[in-house]
Amino acid sequence: MVTAECEIGPDHGRQKGVTMCRNLSKYAPIFLLLALSGLIFLLRNIQTLENLNCHSVSTLYQLQSRMHSAFTQEGPPPLYHNHTFCGHLGQEPSAEDALEERFLLDSIAWPEPPPHATPTPLRQTSNPAHSLFAILPGKGGKEWHVGDQLEALIQMHDFQGRPKRYGGDFLVARLHSPELGAGVAGQVLDHRNGFYSALFPLLWVGSARVEVTLVHSSEAVAVLRRLREERPDRVFFKSLFRSGFLSETTVCNMCLLPNQQPQCNYTDLNTGEPWYCYKPKMLSCDTRINHAKGGYQKHLITNKEALLFQSGVNIKVRIHASGPDRINVLPKNKDQPEVESSSIKPEPMTVTPSGYYYGGSWRPLGAVTMRQFNDSSAITQCLKGKVINMYGDSTVRQWFEYLNAFVPELKEFNLHSPKNVGPFMAVDSTHNILLKYRCHGPPIRFSTVTSSELRYVSNELDGLPGGPDTIVVLSIWAHFSTFPVEVYVRRLRHIRRALVRLLDRAPGTLVVIRSANFQALDQEVSLYNSDWYSLQLDGVLRAMFKGLDVLLVDAWEMTLAHHLPHALHPPPTIVKNMIDIVLSYVCSEKKKS
């Protein structure tokens, strides 16, 4: 409201003053309209104001910012509900790529609960407290020897204590010995009738205890699957646009509602990887200066569905044994005859883990001969003359941080990068070691990444000369859990092609790929980063890089087999074991050359 005050003179001029005040009040709306028109004209031509003096610019900027906050969209936009839209953005896949994608999706297909007209009530869903497992007798009666395979049979029950008649539960198992510092991941087979088998190789002499855990019920997995296909926006992103003293922030994602408002297309020209932001109202698309995580969508599931994700009830809860849960393993029986194959009874499935813990140290079962790098001098001698390029999410940034902290000769070069974002670089000039880390391109849930540092891994790999003194380390999985699997397949396909080109032009290049790992879960984390999402992505990663000349560091089994609690960023003792695998691989290759 606008008010006009008139100072009235002596009595003989009172009538004249009253008349003037009334006239002024009469024209006040006109004056106000003219003032607003002028302000709007200035805002629409704000780019011409840069020649004003500093005081005028500052005043106008403050006024514009207050007006801008009144109409800037807050929070994420409504979702485009089409589960095929996000997964099939980008370049049209070739017939060969489409066939591979179909194969990959089939390879990670998960059993679904029987269809119901209404959601399954909690009382009819899997309950770990009522479920049981039993260790089955070995071939030699009650004796087990190193080299044998142990099997535990699991039967799932619901909250009413009734046996489940279908599969689809997400179960994990490990065999471990706290006294020996030993542990190995088991393999769980779903018989799709409420029964599951957990298989373990017996790899050490002494005590071994079976541990079975329900991560998610089959009904919870069905909810996670629906969220992955229908809600790729449940983590949303934002970008800041700025020109001069004018700035705006808009929502960004790989999948945006196409008809809501104009968009800025930031699809990568080399790979065709799609990325979009809603266009600012007053700025052009080329004024984007950064990328950041915007936040997490809430209210994704119903109250009944929320009951499927209860910590201590049906998220990562151990299942009890109906009898003994441990055995004593004897030394390998050399006199035991080889089991002959039979055309009547097929051989049981044999599990082969990537390695196991003993004495707290990881022992790979592959081609790498494990060494312990317990002092920094051993590491510097191993990496002497090497350039180590690390690309990916924060789980490989951990490796950079570990080496940078453990090896005093490595001096971090200050690139003035944001904390926990990068890029980072450390140098040991004495031993000619260069260590670098760079995050992968969007989607990336880091706090703030400048636009110039948003780079896709495949493009970075194409810029490497490679060679026997070059090490490439990749870890790309954690930020793709909210998107359809097709998105991850497309990203890995581009990276795989770039690696093939790199190895073709520089065959001596050492390539290391870090797999996904387990993490702590509660209801909220489960809806965005469940271990089930990670398991699905991990299956795709292993299949797509199989047969390529790369070293896979099996973080999945290394975190499952270890006794420490699961965490997105594994504790230092597990990270050390991972680094030791890489160094053992690097040094063995170095000796061969």
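Look a little higher up for the structure.
Residues numbered from 1 in each chain as written. Predicted model: local features only at pLDDT ≥ 70, side-chain atom pairs only at ≥ 80, totals over all residues. Heavy atoms only, no water.

A. Seen up close, the nonpolar core. With 70 residues, the main nonpolar core has Phe309, Leu461, Ile495 and Val540 as its most contacted residues. Here the element with the most residues in this core is helix H9 (residues 485-505); it accounts for ten residues. Aside from chain neighbours lying at most four places away, what touches isoleucine 495 is Val457, Ser458, Leu461, Leu474, Ile476 and Phe545. Core analysis: the second largest hydrophobic core is formed by 47 residues, Ile388, Tyr437, Val582 and Cys587 among them. (Core = buried A, V, L, I, M, F, W, Y, C linked by side-chain atoms within 4.5 Å. Buried < 20%, exposed > 50% of the residue type's maximum accessible area, 1.4 Å probe, protein only. Helix = DSSP H or I, 4+ residues; strand = E, 2+ residues; numbered from the N terminus. Contact = heavy atoms within 4.5 Å.)

B. Region of the structure containing the pairing of strand S5 (residues 182-185). Alternating positions in S5 separate into two faces, Ala182 and Val184 on one and Gly183 and Ala185 on the other, with burial throughout. Here four bridges tie strand S4 (residues 170-177) to S5, and the two strands are oriented antiparallel to one another. Bridge pairing in S5 links histidine 176 to glycine 183. (Pairing = 2+ DSSP bridges.)

C. Broad picture of the packing of helix H4 (residues 218-230) against helix H11 (residues 531-545). Here H4 crosses H11 at 65°, and the two axes come no closer than 10 Å. Relative to H11, the element H4 is oriented roughly perpendicular. Handedness of the crossing formed by H4 with H11: right-handed. Contacts from Val221, Leu224, Arg225, Leu227 and Arg228 of H4 reach H11 at Trp532, Tyr533 and Gln536. A class-by-class count of the residues in the contact of H4 with H11 yields five nonpolar, one polar and two charged. (Axes fitted to C-alpha atoms, helices over the stretch in contact; angles between N-to-C directions. Parallel < 35°, antiparallel > 145°, perpendicular 65-115°, else oblique. Left-handed = near helix turned anticlockwise from the far one by under 90°. Nonpolar A, V, L, I, M, F, W, Y, C, P; charged D, E, K, R; others polar.)

D. Examining the packing of aromatic side chains more closely. Counted by the stated rule, this structure contains twelve aromatic pairs. Taken together, a centroid distance of 6.0 Å and an interplanar angle of 90° make the contact between tryptophan 110 and tryptophan 532 edge-to-face. Taken as a pair, tryptophan 110 in the loop between helix H3 (95-107) and strand S1 (132-135) and tryptophan 532 in helix H11 lie far apart in primary sequence, 422 residues in all. Taken together, a centroid distance of 5.6 Å and an interplanar angle of 10° make the contact between tyrosine 402 and phenylalanine 406 stacked. With a gap of four residues between them, tyrosine 402 and phenylalanine 406 both fall in helix H7 (residues 394-406), about one helical turn apart. (Phe/Tyr/Trp six-rings, centres within 6.5 Å; stacked < 30°, edge-to-face > 60°.)

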